[in-house]
Amino acid sequence: MKVGVVGFGYVGLPLGVAFAEAGHEVVGLDADARKVERLNAGTSHVEDVTSERLAALGDRLRATTSHEELASCHAIVICVPTPLTESREPDLTHMIDAASAISRVLQPEQLVVLESTTYPGSTRERLKPILEESGLAAGRDFHLAYSPERIDPGRTDHTIRTTPKVVGGLTERCTARAVELYREICDEVVEVSTPEAAELTKLLENIFRSVNIALVNELAMLCDRMGIDIWEVIDAAATKPFGFMRFEPGPGMGGHCLPVDPFYLASKAREFDFVTEFIELAGKINLNQPYFCVQKIERTLNAAGKPVKGSRVLLLGVSYKAGVGDLREAPALKIIELARGLGAEIAYHDPHVAELPELGLASAPLDEELRRADLAVIVTAHPEVDYARVVAEAPLVLDFRGVTRGIEAANLVRL
Ligand SMILES: NC(=O)c1ccc[n+]([C@@H]2O[C@H](COP(=O)([O-])OP(=O)(O)OC[C@H]3O[C@@H](n4cnc5c(N)ncnc54)[C@H](O)[C@@H]3O)[C@@H](O)[C@H]2O)c1
């Protein structure tokens, strides 16, 4: 089979690699010419795909900026970004651009699958009419389905193969074609009756996480006031073998998905005179978390007799999650902006992020900075850092991730 992947990023590249590893020919189309050039030179821009893994695929996987190549594919999978506009409304521009380009080369019998996260109705109401500008009818001349990506960057215990894939086609035949495609790379494919059900499945998964993270973030704020250790409470609750699922508080929600996707549903719901209150409330609490964290930085320094103004604050980890270098919606960026606004001098150490050019910062060597800083703040707990050593060497440590659990020290404060 020849598979075309449109959007060769965090989702598209690992997907393309999975098809190529299963023996298929993969062509990855990306609008970013530099990315395409680097990939064809064998350099991966996604941590989960090592350059060695790319090399092992030989010419089974290629990147391109030209849509023409898609005409000879059996299936075309769309994995372009679905961000929010400035006013937090769904921004489907990338999907619309990709669809228009595909419509110019679409062939009878081809299968098109949308994987980008979006609101229910996007495949049928937005994607289908654009693809049909080709003169071909969806469900009759070509096949169309939605299948949400469930990738979790940095995770190794669950892979594309072992994570069940949900698929919903426009017609039974569309679903069957999509199931056939994904069986090549997934052990289990779960069929749902419509693209809308598949679209909402993905949103439910992300909203579930967002709401539960908001719940523990709110409890962390209450615990801070009541003098109770939130980590001790969560550890204890997690011993219940049923009816409880562990979620952890932190400096705020980041990444391309959780801070963004729920608002796709909230926006669509308004068309039906429906207010999704859980989504809005969780968004509000999670958005506030970096502000609370900066307040905690102020209080921690204050307790040590230091003002924020002029203090050197070292952030440990600036990417949005451990083990990856992705900075999208990273709460560290908000914390830096707010702490700088109060006059703090900021440094950071992150083994996955060499520099933050827009902020005029570069990752500093840990040894040197631990001794120089007035306060070291654990924002993202990358596994490469020895946190016991951080507590032993820094004058003052504030831990927003609970990785210092089990360490008792006079210079250590936890969320
Ligand atoms: N990153 C994740 O963990 C994750 C997980 C599940 C779902 N998703 C969803 O998958 C989708 C893609 O996310 P991502 O993280 O891979 O984004 P990304 O930014 O890493 O990759 C998207 C790629 O698409 C390219 N692109 C943009 N417009 C294009 C166009 N018109 N034609 C061709 N290429 C184009 C970009 O250059 C980029 O390389 C989003 O809808 C996201 O919500 C992401």
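Residues numbered from 1 in each chain as written. Predicted model: local features only at pLDDT ≥ 70, side-chain atom pairs only at ≥ 80, totals over all residues. Heavy atoms only, no water.

1. A look at the site of the ligand
Residues in close proximity to the ligand total 27 residues, the closest being Val11, Asp30, Lys35, Thr82 and Thr117. Here an oxygen atom of the ligand sits 2.6 Å away from a polar atom, N or O, in the side chain of aspartate 30. Arginine 328 has a polar side-chain atom sitting 3.0 Å from an oxygen atom of the ligand. Contact with the protein chains hides 91% of the accessible area of the ligand, taken as 830 Å² for the molecule alone. (Near = heavy atom within 4 Å. Polar contact = N/O pair within 3.5 Å; in protein donor to acceptor, adjacent residues only side chain to side chain. Areas by Shrake-Rupley, 256 points an atom, 1.4 Å probe, with all protein chains shown as cover.)

2. Considering the environment of glutamate 337
Tracing the backbone shows glutamate 337 in helix 11 (residues 331-341). Counting along the chain gives 43 residues from glutamate 337 to valine 294, while the straight-line C-alpha distance between them is 9.9 Å. (Helix = DSSP H or I, 4+ residues; strand = E, 2+ residues; numbered from the N terminus.)

3. A word on the sheet that holds strand 7 (residues 165-169)
Spatially, the 8 strands line up as an open sheet ordered 3-2-1-4-5-6-7-8, and their pairing is mixed. The sheet terminates laterally at strand 3 (61-64) and strand 8 (189-191), the two strands that pair on one side only. In this sheet, adjacent strand axes meet at a mean angle of 25° when their direction is disregarded. Looking at chain direction, strand 6 (residues 143-146) and strand 7 are connected through 2 bridges and run antiparallel. Bridged to alanine 145 within strand 7 is glycine 169. Where helix 4 (residues 93-103) meets the sheet, it contacts strand 1 (2-6), strand 4 (75-78) and strand 5 (111-114), and its direction lies at approximately 165° from that of strand 4. In this fold helix 7 (residues 195-226) packs onto strand 6 and strand 7, with an angle of close to 150° to the strand it touches most, strand 7. (Pairing = 2+ DSSP bridges. Axes fitted to C-alpha atoms, helices over the stretch in contact; angles between N-to-C directions. Contact = heavy atoms within 4.5 Å.)

4. Quick word on the layout of surface pockets
There is about 400 Å³ of room inside the second largest pocket. Met253, Leu287, Pro290, Glu329 and Lys334 are, among the 21 residues lining the second largest pocket, the residues nearest its centre. Counting only elements with at least two residues in the lining of the second largest pocket, the list comes to helix 9 (261-270), helix 10 (277-303) and helix 11. The element contributing the most residues to the lining of the second largest pocket is helix 10, with 6 residues. Considering only residue class, the lining of the second largest pocket consists of 13 nonpolar, 4 polar and 4 charged. (1 Å grid on protein atoms, 1.4 Å probe; cavity = no way out; pocket = protein on both sides within 12 Å on 5 of 7 lines; lining within 4 Å. Points joined across faces, edges and corners; volume = space filled by probe spheres on them. Nonpolar A, V, L, I, M, F, W, Y, C, P; charged D, E, K, R; others polar.)

5. Side note on the packing of aromatic side chains
Under the definition given, this model contains 3 aromatic pairs. Relative to phenylalanine 247, the ring of phenylalanine 208 lies with its centre 5.7 Å away and its plane at 70°, an arrangement referred to as edge-to-face. Separated by 39 residues along the polypeptide, phenylalanine 208 in helix 7 and phenylalanine 247 in the loop between helix 8 (230-237) and helix 9 bring together distant segments of the chain. The ring centre of phenylalanine 263 lies 5.0 Å from the NZ or CZ of arginine 88, which sits over that ring. The residue whose ring lies beneath lysine 165 is tyrosine 182, and the NZ or CZ to ring-centre distance is 4.7 Å. (Phe/Tyr/Trp six-rings, centres within 6.5 Å; stacked < 30°, edge-to-face > 60°. Lys NZ or Arg CZ within 6 Å of the ring centre and 35° of its normal.)

6. Details of the nonpolar core
As a rule of thumb, nonpolar side chains are buried together in soluble globular proteins. By size, the foremost hydrophobic cluster in this structure holds 36 residues, and its most contacted members are Ile297, Leu315, Val318, Ile335, Ile346, Val377 and Phe400. Residues in contact with isoleucine 335, not counting those within four places in the same chain, are Pro251, Pro290, Cys293, Val294, Ile297, Leu315, Val379 and Phe400. Counting residues in each nonpolar core, the second largest holds 34 residues, with Val27, Met95, Leu136 and Tyr264 among its members. (Core = buried A, V, L, I, M, F, W, Y, C linked by side-chain atoms within 4.5 Å. Buried < 20%, exposed > 50% of the residue type's maximum accessible area, 1.4 Å probe, protein only.)

7. Some points on unusual backbone geometry
Negative phi characterises most residues that are not glycine, and trans characterises most peptide bonds. Although it is not a glycine, arginine 88 sits at a positive phi angle of roughly 60°. On the basis of relative accessibility, which here comes to 32%, the residue arginine 88 falls in the partly exposed class. A positive phi angle, near 55°, is found at glutamate 329, a position not held by glycine. Glutamate 329 gets classed as partly exposed once you look at its relative accessible area, which sits at 43%.

8. Digging into the environment of threonine 82
Counting through the fold element by element, threonine 82 comes out in the loop between strand 4 and helix 4. Separated by 102 residues in the primary sequence, threonine 82 and glutamate 184 have C-alpha atoms spaced 26 Å apart. Setting aside chain neighbours within four positions, we find threonine 82 in contact with Asp91, Leu92, Ser116, Thr117, His256, Val260 and Tyr264. Here the side chain of threonine 82 touches threonine 117 through a polar contact of 2.7 Å, landing on its backbone oxygen.

9. Quick look at the pairing of strand 5
Side chains Leu111 and Val113 of strand 5 all project onto a buried face; the interleaved residues Val112 and Leu114 project onto the opposite face, where all are buried too. For strand 4 and strand 5, the ladder comprises 4 bridges, and the chain directions are parallel. Looking at strand 5, one finds that alanine 75 is bridged to leucine 111. Crossover connection from strand 4 via helix 4 to parallel strand 5: handedness right-handed. The pairing of strand 5 with strand 6 spans 4 bridges and is classified as parallel. Within strand 6, the position partnered with valine 112 by the bridge is leucine 144. Regarding the hand of the β-α-β motif, the stretch spanning strand 5, helix 5 (residues 122-131) and strand 6 is right-handed. (Right-handed = clockwise from strand over helix to strand, strands pointing away.)

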